[in-house]
Amino acid sequence: MSDNRNEEMPPTARAKAPTGAEFSLSVSRALNILSSFTSERREQGLAEISRAMTLSKGSVSRFLQALEMHGYIDRDPQSRLYRPGPEVARVGSLYHSAGRLRQFATPIMRALVRSVGFTSYLSELRDDQMLILFALEGPGPFRHSIPVRTKLPLYNPATGLVALAQLSPDELERLLKKAPLRPETRWAGCGHATMAKGLAEGRANGYSNSRELLTAGVGSVAAPVLNADGEPLCVLSVGFATSQIKKGQLPALGREIKSAAKQLAKVLAEKGIARVE
């Protein structure tokens, strides 16, 4: 039996088409239906989609029902034509807003890296973890780098601490119940009371710092990027080897990162970015 999977894909997708048991032909067909909508072809009927996909109307109808159930397809009750649904716009906006955030943050992060000499990160609170959105690597032979899209524990390093410091007591308690202190971290022997004291200091200073909380020989300093309502949009931080900076230098470094975070917050407010999606 011949395999016509690639024949049903647009040319740009055929070259990348995977093979093997992990490939889902049904998912590919559903995505191809979504891709068949263009600015010139905003609405389509069942027969039109069936011809374009070279599939039976029955098969196409089942895919459309699934897409409609999840909000990716809408159907006009009068014309009976299909069109992209609200979920398409929501998912698409994630790419757009992330791109805009990077666009506005990059010049500020680049200036910060030049000034302090350490790798700079932009992260956000995602559920009960910190997600690294992107990074600009620092110069020099000694570099501390964490891959983009890495998820870090909330309470380690400074990125999570400063994010926690912005939460209400109820939100903080809820998250700590979901993400208990892990035994391999230094917070494990401190308990929540000591941690709460550290969070209060971070809240008062406008930045948090950590040294070897999660990884030996590694430290970080972070400051929140707040919106007009004082809610954290994301967290700006730098990471470094502890041999590169003395403890007495941390306050000055914290103030510099805090200043850069405020500058980024001002730019995002001017551009109308009220939250990171």
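Rules of the game
- Throughout, a residue's number is its position along its own chain's written sequence, starting from 1.
- Residue-level local features of this predicted model are given only where pLDDT is at least 70; pairs of side-chain atoms are given and counted only at 80 or more, and the full residue set underlies all totals for whole chains, interfaces and linings.
- Note that water and hydrogens are dropped before the side-chain values are worked out from all heavy atoms of the structure.
- Helix and strand labels come from DSSP, where a helix needs a run of H or I of at least four residues and a strand needs a run of E of at least two; each type is numbered from the N terminus.
- When accessible area is computed with a 1.4 Å probe and restricted to protein chains, residues below 20% of their type maximum are described as buried, those above 50% as exposed, and intermediate ones as partly exposed.
- Between two residues, a contact is recorded if the distance between any of their heavy atoms is within 4.5 Å.
- Residues belong to a common nonpolar core when they are buried Ala, Val, Leu, Ile, Met, Phe, Trp, Tyr or Cys residues joined through side-chain atoms within 4.5 Å.
- Geometry is summarised by axes, namely lines fitted to C-alpha atoms with helices restricted to the contacting stretch, and by angles between N-to-C directions that run from 0 to 180 degrees.
- Here roughly perpendicular refers to angles of 65 to 115 degrees, roughly parallel to angles under 35, roughly antiparallel to angles over 145, and oblique to all remaining angles.
- When residues are sorted by character, Ala, Val, Leu, Ile, Met, Phe, Trp, Tyr, Cys and Pro go into the nonpolar class, Asp, Glu, Lys and Arg into the charged class, and all the rest, Gly among them, into the polar class.
- Two strands pair if DSSP finds at least two bridges between them.

A. Region of the structure containing the overall build of the protein. Within the protein one finds nine helices and eight strands. Counting the 277 residues in the protein, one finds 41% classified as buried. Taking all contacts inside the protein whose residues are at least 6 apart in sequence as the whole, residues at least 24 apart take part in 54%.

B. Molecular detail of the nonpolar core. By size, the foremost hydrophobic cluster in this structure holds 31 residues, and its most contacted members are Leu-122, Val-225, Leu-236, Val-238 and Leu-253. Per-element accounting of this core gives the leading share, eight residues, to helix α9 (residues 250–270). Ignoring sequence-local partners within four residues, the contact set of Leu-236 consists of Met-109, Leu-112, Ser-120, Tyr-121, Leu-122, Val-221, Ala-222, Ala-223, Val-225, Ile-257, Ala-260 and Ala-261. In terms of nonpolar packing, the next biggest core, distinct from the first, is built from 22 residues, Ile-146, Val-162, Leu-164 and Leu-199 among them.

C. Expanded view of the packing of helix α2 (residues 25–35) against helix α4 (residues 57–69). Relative orientation of the contacting elements α2 and α4 amounts to 80°, with a least axis distance of 10 Å. Judged by the angle between their axes, α2 and α4 are roughly perpendicular. Across from Ser-26, Arg-29, Ala-30, Ile-33 and Leu-34 in α2, the residues of α4 making contact are Val-60, Phe-63, Leu-64 and Leu-67. By residue class, the composition of the contact of α2 with α4 is seven nonpolar, one polar and one charged.

D. Representation of the environment of Phe-104. On the secondary structure map, Phe-104 appears in helix α5 (residues 86–116). Given a relative accessible area of 14%, Phe-104 falls into the buried group. The sequence separation of Phe-104 and Leu-268 amounts to 164 residues, and the corresponding C-alpha distance is 7.3 Å. The residues touching Phe-104, leaving out its near neighbours within four places in the chain, are Leu-264, Val-267, Leu-268, Lys-271 and Ile-273.

E. View of the sheet that holds strand β6 (residues 208–211). Pairing within the open sheet is antiparallel, and its six strands lie in the order β5-β4-β3-β8-β7-β6. Among the strands making up the open sheet, the edge pair consists of β5 (151–153) and β6. For this sheet, the mean inter-axis angle between neighbouring strands, taken without regard to orientation, is 30°. Relative to strand β8 (residues 232–241), strand β3 (residues 119–126) runs antiparallel, the two being bridged by five bridges.

F. Quick look at the pairing of β3. Judged by how many residues are buried, β3 sits mostly within the fold: six of eight residues are covered. Note: β3 against strand β4 (residues 129–136), seven bridges, orientation antiparallel. Looking at the pairing, Arg-126 lines up with Gln-129 of β4.

G. View of unusual backbone geometry. Backbone geometry places Thr-54, a non-glycine residue, at a positive phi of 50°. Note on placement: Thr-54 falls in the loop between α3 (46–53) and α4. With a phi close to 65°, Arg-80 is a non-glycine residue in the positive phi region.

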